[in-house]
Each structure stands twice: as structure tokens, then as C-alpha cells.
There are 2 protein chains.
Amino acid sequence: MGPTLRSLHFFYNHRSSLTEPEDTMTPPKSKNITWHGGVVTRQDRERAAGQKGCVVWFTGLSGSGKSTVARRFEQLLLERGRVSYVLDGDNIRFGLNKDLGFSPEDRNENIRRIGEVAKLFADAAIITTTAFISPYRTDRDNVRVIMPEGTFIEVYINAPLDVCESRDPKGLYKKARAGLIPEFTGISAPYEEPMSPELELRTDLYDVDACAEQVLSYLDKRGFFNVA
Amino acid sequence: MGPTLRSLHFFYNHRSSLTEPEDTMTPPKSKNITWHGGVVTRQDRERAAGQKGCVVWFTGLSGSGKSTVARRFEQLLLERGRVSYVLDGDNIRFGLNKDLGFSPEDRNENIRRIGEVAKLFADAAIITTTAFISPYRTDRDNVRVIMPEGTFIEVYINAPLDVCESRDPKGLYKKARAGLIPEFTGISAPYEEPMSPELELRTDLYDVDACAEQVLSYLDKRGFFNVA
């Protein structure tokens, strides 16, 4: 079941006046095609895609499984014909945010930009997952408030620190313990747990599949895959 | 014809070892579903979407018709079941780039970020259109070089300055002539024409539909809508 192009009648409801400079140009030749105020709306995109755009915001310690669950979630979505994208360190750090360091201001700006980009993806009707530690409540809440109501889904990827540290996939905890990484979240910098996340996934208790499927189920129940 | 979920066999070709922390977790229960290196690739997304991601970069004077042609192009794509998105001043200026002003550095950074975001959208298999004056060749070329070969399509939206000025949809030329806007492109700041754009559209000679359809035809001929 791929996303299908649903009824396009909504385009042709009314002929509204144009406000752009091409007012003065020749109007479209076919009488069947008129303008929808000249602009395709988010709702148009969502109907066409057969899904609602949203931001699934993963937060949690390094090694908690954010990227792994996000990637598995992406795979499940793709298997179901959904359009999705994952923003994570791999595609953000050396691109959009390559000018940012690790000062408090730069960390805030890092999350702010990721939030703004995620918002654009959601506006494009895409199921958008972000996988960043994002340790501060304020930063996460600042992203939540720029999103349309109900489209920001905070997912706490939770595993005890000692479990994350024992996984240590990139050897970062070892370096942090050796004092080679200053202000490492969970060791020498705080991680502020979400107060009321939409979902909490215990990756020490459940496997990757179960976690990813729980996110899928959450979206399904809230109608993100069923656009009227 | 909506984008359809094409053959997903490519997922199940090989079972590769996992390198993420969840190595130690319970493997997926179904023997039918194995990991594709844990990661969905751009090619996977493109096959699923039935289209190739790209960046259609509109450049031209204020009033040349960038946004209008881009919005019409978006509509044509949506009617054909294509997944697309337009980045323009409306969704960038007050969001991602709200911290940027109009100094030379900020202008460069403005285009750099737009390029990086467009790259992410294209990586998500989306037909991505950008509609910014982007007057400097260097800035545009800096975006071109970060994209995979052949996926950056520079479109020169060309209309003579006097035509753009007579349209003056936002009254900006009037203000610029009155000296109220310093360094206004075409009046008091340079516009560097593309040397060899993939497409040039004369919006003073052709109507919006014809221009938008030419972009569509360009993508069609180069196989962007036909993923093997």
C-alpha cells in the first residue's frame, strides 16, 4: 500500500484572485485547471501523501538507542509505503550545523535549527524523526511550541546510564570518563528527562523492533496515516 | 498515479552485522525481516517514492516570478502524485534563518543553510524547489558542489529588470528607488546571471503554466520520475 494520490477535487473548488506579479500574465489555458490561491497548502500535501506530517522527536542519552530505533522506525515506515526521513548527527553535523561548536549558545542553536528543519519536513507532509541527545527541556519545549498542535511527538529513549555506558558504541563514555570530552551528557553535563513525553521507550527492556513498532502504533492510533 | 511502494526485495538481500549498541538486544523475531545494514538508503527511499530526489534551484531578480512559477510547479507535481516541497522566503525567513540579517556574511550564510536543507530534502527523495534571489554565482556554486552529480538543477528565472520593476508585487522596487532599501538586487546591488544554468525561463515571454511545465519536462526527460 503506497501513498496514493487522493481526491484532487479540493484543488478545483474555487477560482481565487492571484496576488502575485504574474496576475498580468496569460491565465492557464485549460478551463479544468484553476488556481488554488496559487498555493498548495499543507493539507493538500497531506491528502496527496495520505499521511499527516509530524515530528517524532527522540531524546535520550548517548548509547540509549535513538539512532538505531529511528532507523528501524524509518524502515517500518518505508515497508508500509510511508514517506519519512530521519535527521540525526550523520546528516546534520557536517552539513547544516557544521559551523556550530559545543558552547552553550551553539548547543541551543544546534537544536533550534534542527527543530526548524524538522518543522519544514513535517510541513511537507513527511513523518520526520529526529535523533539527538537534546538534553535540555527548554530546547525541546522551544521546538514543541513552533509546531502545529499535536504534531510534535516527544519520545524518551530511556535506558539506565550504566546500560548506555556499557554499550558505548562510539567509545565516547570511555573518553568522557578519561576526561577527554568535557561536558559529556550523563557524566559531566546534565540530562533533563522529559516531564511528560508522548512516549517512553525502555531500550534496556525491549528490543529494537518492539520499540520502533510502538512508535508506529502511536502514530497509527492518532490518525497520522489516515487523512480524510 | 500516486507514488507506489515498488519492490522491497532490495531490503532482504543480505543480513549484515549490526554495529549499533542494540547488537546485544534480541534480534527481530520474524525470520522474514532482516536488517539492511540497519539503515535505509537514499536509493531505497527513491525506489519507494518512485522518483529521484533533486534540488531545483530558482534564481532571479525580485519580481521575476520565482515563487509563482515554483508554486505552480509544486501544483503540477502534486497533481501527478509526486512528493515535492518549495523552500522560499515565506517558510525560511521567519524560521530557520530568522537570526540572519542582510550583511554580506549573513547573506552567504542564508544561502548556505538553504542549500544544506534542500540537500536533506533531496536526500529524502523529494523534488525540492528553492525560490530565492540568490544573486551571487559563488553562493549558488557552493550549493551545487555539495549535491550528488546531476541532482542540482539551476533554473534562471529571467525577466528584464524593467519588467520586474513594473510588476513590483511587494512595492520593493519603489522603496529601493526611494533609497529606503540599501543594496537592493538589480538597483543598488549586483545580480550575477547564471553562466550555464540547466534551464532559463523567460517569464516576460511565457506564462506561468508554460514555465512550470518546462521544468516538469526537464525532470521527466532526465528520468527523475522513473526509478529503476
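Residues numbered from 1 in each chain as written. Chains lettered and ligands numbered in written order. Predicted model: local features only at pLDDT ≥ 70, side-chain atom pairs only at ≥ 80, totals over all residues.

With that settled, consider the overall build of chain A. Across its full length, chain A holds 8 helices and 5 strands. The helix and strand sequence of chain A, counted from the amino end, reads α-β-α-β-α-α-β-α-β-α-α-β-α. The buried share among the 228 residues of chain A stands at 43%. In chain A, the share of contacts with a sequence separation of at least 24, taken over all contacts with a separation of at least 6, comes to 76%. (Helix = DSSP H or I, 4+ residues; strand = E, 2+ residues; numbered from the N terminus. Buried ≥ 20, exposed ≤ 12 C-beta atoms within 10 Å, placed from the backbone. Contact = placed C-beta atoms within 7 Å.)

Right, let's talk about the pairing of strand β2 (residues 84–88) of chain B for a bit. Residue and element names in this part refer to chain B. Among the 5 residues in β2, 4 count as buried, and that is most of the element. Pairing of β2 with strand β3 (residues 127–131) involves 5 bridges; the strand directions are parallel. By the bridge assignment, leucine 87 is partnered in β3 with threonine 130. (Pairing = 2+ DSSP bridges.)

A word on the packing of helix α2 (residues 66–79) of chain A against helix α8 (residues 208–221) of chain A. All names here are of chain A. Where α2 meets α8, the closest approach of the two axes is 9 Å, and the angle between their N-to-C directions is 60 degrees. Put simply, α2 runs oblique to α8. Crossing of α2 over α8 shows right-handed handedness. Along its contact with α2, which presents Thr68, Val69, Arg72, Phe73 and Leu76, the element α8 presents Val208, Asp209, Cys211, Ala212, Glu213, Val215 and Leu216. Taken together, the residues of the contact of α2 with α8 break down into 8 nonpolar, 1 polar and 3 charged. (Axes fitted to C-alpha atoms, helices over the stretch in contact; angles between N-to-C directions. Parallel < 35°, antiparallel > 145°, perpendicular 65-115°, else oblique. Left-handed = near helix turned anticlockwise from the far one by under 90°. Nonpolar A, V, L, I, M, F, W, Y, C, P; charged D, E, K, R; others polar.)

Residues and elements named next belong to chain A. Mean pLDDT for chain A: 85, with 83% of residues reaching 70 or above. Low pLDDT, under 50, characterises residues 1–37; the stretch is placed with 56 contacts to residues that sit more than four places away or in other chains. Here the predicted complex carries an ipTM of 0.83, next to a pTM of 0.84. (pLDDT = per-residue confidence, 0-100.)

With that settled, the discussion passes to the sheet that holds strand β1 (residues 54–59) of chain B. All names here are of chain B. The parallel open sheet is built from 5 strands, whose spatial order is β2-β3-β1-β4-β5. Both edges of this open sheet fall to β2 and β5 (199–202), since each of them pairs with a single strand only. Along the sheet, successive strands turn relative to each other by an average axial angle of 20 degrees, direction set aside. The strands touched by helix α4 (residues 104–123) are β1, β2 and β3; relative to β3, the strand with the most contacts, the crossing angle is about 160 degrees.

Moving on to unusual backbone geometry. For A:Glu183, which is not a glycine, the phi torsion comes out positive at approximately 55 degrees. Position of A:Glu183 among the secondary structure elements: in the loop between α7 (172–177) and β5 (199–202). The partly exposed category is assigned to A:Glu183, around which 13 C-beta atoms lie within 10 Å. Even without a glycine there, the phi angle at B:Ala125 is positive, about 75 degrees. Turning to its location among the elements, B:Ala125 is positioned in the loop between α4 and β3. A tally of 26 C-beta atoms within 10 Å means that B:Ala125 is categorised as buried.

When you line up the elements, A:Glu193 lands in the loop between α7 and β5. Considered as a pair, A:Glu193 and A:Leu61 are 132 residues apart in the sequence and their alpha carbons are 9.6 Å apart.

What follows is about helix α2 (residues 66–79) of chain B. Residue and element names in this part refer to chain B. Here α2 is 14 residues long and its end C-alpha atoms lie 20 Å apart, about the 20 Å a rise of 1.5 Å per residue gives. Burial of α2 is extensive: 12 of the 14 residues sit out of reach of the surface. Every buried residue of α2 is listed here: Lys66, Ser67, Thr68, Val69, Ala70, Arg71, Arg72, Phe73, Glu74, Gln75, Leu77 and Leu78. Looking one or two residues beyond α2, the residue adopting positive phi is glycine 81, at roughly 75 degrees. (Expected span 1.5 Å × (residues − 1).)

Ranked by internal contacts, the top residues of the largest apolar core, which has 98 residues, are A:Val117 and B:Val117. Those residues within four positions of B:Val117 in sequence are excluded, and the remaining contacts are A:Leu96, A:Val117, A:Leu120, B:Leu87 and B:Leu96. (Core = buried A, V, L, I, M, F, W, Y, C linked by C-beta atoms within 7 Å.)

Residues and elements named next belong to chain A. Look at helix α4 (residues 104–123) against helix α5 (residues 137–146): their axes get within 9 Å of each other, and the N-to-C directions meet at 25 degrees. On the basis of the axis angle, α4 is roughly parallel to α5. Regarding α4 and α5, the two cross each other, and that crossing is right-handed. Contact residues: α4 offers Asn108, Ile111, Arg112, Gly115 and Lys119, while α5 offers Asp139, Asn142, Val143 and Ile146. Split by residue class, the contact of α4 with α5 holds 3 nonpolar, 3 polar and 3 charged.

The subject of this paragraph is the environment of B:Arg177. Residue and element names in this part refer to chain B. Tracing the sequence through the fold places arginine 177 in helix α7 (residues 172–177). For arginine 177, a count of 14 C-beta atoms within 10 Å gives the class partly exposed. Sequence-wise, arginine 177 and isoleucine 187 are 10 residues apart; in three dimensions their C-alpha atoms are separated by 7.4 Å.

So, about the sheet that holds strand β4 (residues 152–158) of chain A. Pairing between the strands of a sheet is mediated by backbone hydrogen bonds and can be parallel or antiparallel. All names here are of chain A. With parallel pairing, the 5 strands of this open sheet are ordered in space as β2-β3-β1-β4-β5. Only two strands of the sheet have a single partner each, and these edge strands are β2 (84–88) and β5. Across the sheet, the axes of successive neighbouring strands diverge by a mean angle of 20 degrees, strand direction being ignored. Lying over the sheet, α2 contacts β1 (54–59), β2, β3 (127–131), β4 and β5, oriented at roughly 170 degrees with respect to β2. On the sheet, α4 packs against β1, β2 and β3 and is oriented at approximately 160 degrees with respect to β3.

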